[in-house]
Amino acid sequence: MSRFAGRVARTPQAALTAQPAPLLRDGLQVLLRGFIGNRQTLLREGRAMGLIGEHEDDAALCAVAYRRWGADLNAHVLGEYAVALFDPAAQTLLLTRDGLGLQPLFYSGDGERLAFASHLDALLTIVEPGALDTRYLGEHLTFAPHAFDRTPFVNIAKLIPGHSLRWTPGRLEQIRSWRLSQAPDVPDATDREHEARFRELLAEGLRQCIPATGRTWSELSGGQDSSSIVCAAADAGITGLETLSFVFPHCPEADETPYIEAVTARTGYPAHRLDIQQTPPFARVPTTFHGEPNLVLPYTAFIERYEDLMREHDVQVMLSGNGGDHVMIGDGLFPLDLADHLQRGDGRALWQGLKDWQAHAEHRRSLRFLFGHYAWTPAWRHWRRQPVSPRFTIPVPEWIAPDFLRRFRAAAADARCEPPDHGSSPSRQYFIERVHDFSALISQNAHQAVRGFEFRYPLMYRPLVEFLYALPWRQKLRPDGDRHLQRRAMHALLPAEVRDRVDKAVMTRPVLEGFRHSPAWFDLLTRQPQLIEQGLVDAARWQDAVRRARLGQIEGVSLFLAAAALESWLQGLRAHRADRPAANPAVVGI
């Protein structure tokens with residue numbers, strides 16, 4: 001099933017009400033979105049327990065895992081999924097998601113009654129949207145990392161990755177069921193052995209993500225991650241794959257056609273292209289309400305073309321390289337192994353590391369800077385069980401209302417900031433935070449925005465992620481470049497021009513050009529905008545920023561996109577509240 005929503009309530013005989021109707025497997029009612037990866041392992045478990053009958057689908061495997069491991073299900077089941085299992089005999093509902101949190105799961109309620117859904121907009125059909133969450137909105141507008149369990153509404157939460165939620169009449173408990181920090185250590189090995197293990201796990205992840213039936217394509221941008229997926233698939237002998245690339249023929253700084261063509265020539269897979277400039281950002285104002293404000297809202301017209309193409313070719317699964325920046329350490333040269341040396345008290349290794357980074361990194365920094373930012377501060381924050389990710393301040397947009405900014409900062413200061421998992425060292429803690437940041441990003445944007453097919457993420461195959469987590473930091477990042485292991489492991493598979501590139505496409509010009517030619521979006525952002533009515537932005541400064549954006553003169557394009565997306569979402573929410581039928585008494589207050 002592509003999405004689901006359901007609810008239970010404390011009654012003399014609690015029952016599950018859900019859309020679509022749950023599947024019945026081994027006495028359990030099962031609602032499942034996504035896919036199970038380690039099917040053969042679970043089939044063997046089920047047969048050994050006598051639980052595999054006429055059904056061998058993923059829902060049946062979830063039932064096997066529940067009977068075998070209970071609330072610890074997601075510690076043993078691989079894949080990308082959100083699942084609800086209701087046991088009528090035990091009057092128990094279990095909600096869980098894959099350990100990395102690639103599929104979201106939302107809920108609202110308590111031990112008396114509980115509503116839940118795979119998509120926030122689906123949950124809003126049975127739950128009255130509550131007051132807006134100040135901290136969530138502030139994080140969105142300032143590009144701060146989202147808190148792990150928050151949604152735009154104070155009465156609705158998102159299940160934290162690695163956790164399960166168990167409901168019984170009168171009781172609701174959240175259970176820690178899996179931790180990345182408990183990944184097994186990687187045995188000592190040579191560089192060549194680590195590279196071979198990387199390729200082996202990437203091939204496993206690809207085979208797990210590609211279903212036995214139906215058509216599978218893969219996005220191909222020409223970057224390291226999508227190219228690694230396509231080239232690794234060809235090397236593994238995977239047939240039937242086709243690729244989809246987005247091109248900007250009239251915008252050289254955003255177009256990656258030469259890299260795309262190099263990978264296509266190397267692999268021979270059939271290739272498809274979409275010219276984004278035919279339906280640029282801001283081409284159309286969204287008419288469909290989304291559960292969360294997300295950065296794809298300005299790309300509504302393009303997303304519809306994307307979905308049309310998938311329907312035309314009957315594509316069920318799209319592989320994506322998203323997540324690679326996060327687990328390959330490809331989005332910042334942060335030498336967190338310096339903090340590891342400090343934590344261990346290894347002064348010699350710390351001094352050598354500082355000198356290496358000062359001498360060989362592309363951006364030369366003083367020893368004082370390196371020690372303060374990458375040794376002392378993350379080591380101190382790790383000891384205090386606080387996030388260690390370097391947070392170089394993104395300037396707060398000038399249009400944000402000062403009063404709202406104060407309320408947001410107060411809300412963030414009052415909230416508990418301890419991450420949901422704790423690595424054994426600062427560098428491992430940083431890796432965990434990057435994985436959770438990706439989970440929040442992808443569940444908010446891609447999963448909630450498309451219909452008719454599903455994304456899957458081979459680079460987020462859990463054994464691969466666990467392997468990368470446990471590797472020594474210098475296998476992943478060195479002063480002479482990022483993605484150290486990935487570049488070495490894929491040396492013979494990637495075209496040289498792709499393997500050795502250090503740049504990325506720049507999307508600023510297409511975004512600003514799209515907005516310049518969109519009177520509908522200009523009107524949306526300037527005629528009685530909700531951002532002003534809600535007190536989120538200063539009226540005069542916001543109006544001036546929108547006018548300057550139309551002239552291509554705005555700084556911080558990503559921040560402007562975030563604000564524009566939020567305005568579109570707020571207007572959609574207002575319409576949703578107005579069109580919503582009278583609240584069902586069974587869910588009032590949930």
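Quick look at the structure, then. (Residues numbered from 1 in each chain as written. Predicted model: local features only at pLDDT ≥ 70, side-chain atom pairs only at ≥ 80, totals over all residues. Heavy atoms only, no water.)

**Points about the overall build of the chain**
- Tallying secondary structure elements over the chain gives 25 helices and 16 strands in all.
- Computed over C-alpha atoms, the radius of gyration of the chain comes to 24 Å, within 12% of the 25 Å expected from 2.2 N^0.38 for 590 residues, which places it in the range of a compact globule.
- Projected onto its principal axes, the C-alpha positions of the chain cover 70 × 65 × 50 Å.
- A buried classification covers 58% of the 590 residues belonging to the chain.
- Within the chain, counting contacts between residues at least 6 apart in sequence, those at least 24 apart form 73% of the total.
- On the chain, roughly 24600 Å² of surface is accessible, and the fraction owed to carbon and sulfur atoms is 50%.
- Treating the 67 positive side-chain charges of the chain as one cloud and the 69 negative ones as another, the clouds have centres 3 Å apart. (Helix = DSSP H or I, 4+ residues; strand = E, 2+ residues; numbered from the N terminus. Rg over C-alpha atoms; globule rule 2.2 N^0.38 Å. Buried < 20%, exposed > 50% of the residue type's maximum accessible area, 1.4 Å probe, protein only. Contact = heavy atoms within 4.5 Å. Areas by Shrake-Rupley, 256 points an atom, 1.4 Å probe, with all protein chains shown as cover. Lys, Arg positive; Asp, Glu negative; His and termini not counted. Charge placed at Lys NZ, Arg CZ, Asp CG, Glu CD.)

**Some thoughts on the environment of Arg 166**
- Relative to the helices and strands, Arg 166 is located in strand 10 (residues 163–168).
- In this structure the C-alpha to C-alpha distance between Arg 166 and Gly 111, which are 55 residues apart in sequence, comes to 9.6 Å.
- Residues in contact with Arg 166, not counting those within four places in the same chain, are Ala 71, Thr 92, Leu 93, Leu 94, Arg 171, Leu 172, Glu 173 and Ile 175.

**A word on the sheet that holds strand 14 (residues 271–275)**
- Reading across the sheet, the five strands line up as 14-13-12-15-16 and stay open at both edges, with parallel pairing between neighbours. Single-partner strands in this sheet number two, and they are strand 14 and strand 16 (454–456). If you compare each strand with its neighbour and ignore which way they point, the axes differ by 30° on average.
- As paired strands, strand 15 (residues 315–319) and strand 16 are joined by three bridges and run parallel to one another. From the neighbouring strand, Val 317 faces strand 16, where its bridge partner is Glu 454.
- Sheet strands touched by helix 7 (residues 224–235): strand 12 (215–219), strand 13 (242–247) and strand 15. Its angle to strand 12, the strand with the most contacts, is close to 140°. (Pairing = 2+ DSSP bridges. Axes fitted to C-alpha atoms, helices over the stretch in contact; angles between N-to-C directions.)

**Remarks on the sheet that holds strand 11 (residues 171–176)**
- Across the sheet, six strands lie side by side as 3-4-5-6-10-11; this open sheet has antiparallel pairing. This sheet does not close on itself; its edge strands, each paired only once, are strand 3 (23–25) and strand 11. Averaged over all neighbouring strand pairs, the angle between strand axes comes to 25°, with direction disregarded.
- Where strand 10 lies against strand 11, six bridges are found, and the strand directions are antiparallel. Among the inter-strand pairings, Leu 165 is bridged to a residue of strand 11, identified as Gln 174.

**Some remarks on the packing of aromatic side chains**
- Overall, the coordinates contain 24 aromatic pairs when judged by the stated rule.
- Ring centres 5.8 Å apart and planes at 50° place the aromatic pair Phe 153 and Trp 569 in the tilted group. Of the two residues, Phe 153 sits in the loop between helix 5 (134–142) and strand 9 (157–158) while Trp 569 sits in helix 25 (residues 557–579), which places them 416 residues apart along the sequence. Summarising the burial analysis for this pair, Phe 153 and Trp 569 share the class buried.
- Plain terms: the ring middles of Phe 246 and Phe 302 are 5.1 Å apart, the flat faces sit at 90° to each other, and that makes the pair edge-to-face. Of this pair, Phe 246 sits in strand 13 while Phe 302 sits in helix 9 (residues 300–312), placing them 56 residues apart in sequence. (Phe/Tyr/Trp six-rings, centres within 6.5 Å; stacked < 30°, edge-to-face > 60°.)

**Quick word on the pairing of strand 10**
- Inspection of the sheet shows strand 6 (residues 92–97) paired to strand 10 by four bridges, in the antiparallel sense. Bridge pairing links Thr 96 to Ser 164 in strand 10.
- Where strand 10 folds back on strand 11, the antiparallel hairpin that results is connected by two residues, among which Gly 170 adopts a positive phi of roughly 90°.

**Here's the deal with unusual backbone geometry**
- Here the amide bond leading from Gln 19 into Pro 20 is cis, since omega sits at -5°, within 30 degrees of zero.
- Checked against the element boundaries, Pro 20 lands in the loop between strand 2 (17–19) and strand 3.
- Residue Phe 282 is not a glycine yet carries a positive backbone phi of 70°.
- Even without glycine at this site, Ile 329 takes up a positive phi of about 55°.
- With respect to the helices and strands, the residue Ile 329 is situated in the loop between helix 10 (324–327) and helix 11 (337–344).
- Given a relative accessible area of 0%, Ile 329 falls into the buried group.

**Details of the side chain of Glu 242**
- Along the polypeptide, Glu 242 turns up in strand 13.
- You can call Glu 242 buried: its relative accessible area is 12%.
- Within the local environment of Glu 242, its side chain forms a polar contact with the side chain of Arg 215, the two groups lying 2.5 Å apart.
- Apart from the residues lying within four places of it in its own chain, the contact partners of Glu 242 are Arg 215, Thr 216, Trp 217, Ser 218, Pro 270 and His 272. (Polar contact = N/O pair within 3.5 Å; in protein donor to acceptor, adjacent residues only side chain to side chain.)

**Looking at helix 22 (residues 519–526)**
- Looking at helix 22, one finds that the buried residues are Trp 521, Phe 522, Leu 524, Leu 525 and Thr 526.
- Tucked into the core, helix 22 has its buried residues touching helix 21 (508–516), helix 24 (539–550) and helix 25.
- Once helix 22 finishes, Gln 528 follows within two positions and takes phi at roughly 50°, a positive value.

**Details of the state of the cysteines**
- What the rule picks out here adds up to zero disulfides.
- Cys 209 provides the cysteine sulfur closest to Cys 231, a residue in no disulfide bond, and the two sulfurs are 17 Å apart.
- Judged by relative accessible area, which is 3%, Cys 231 ranks as buried. (Disulfide = S-S within 2.5 Å.)

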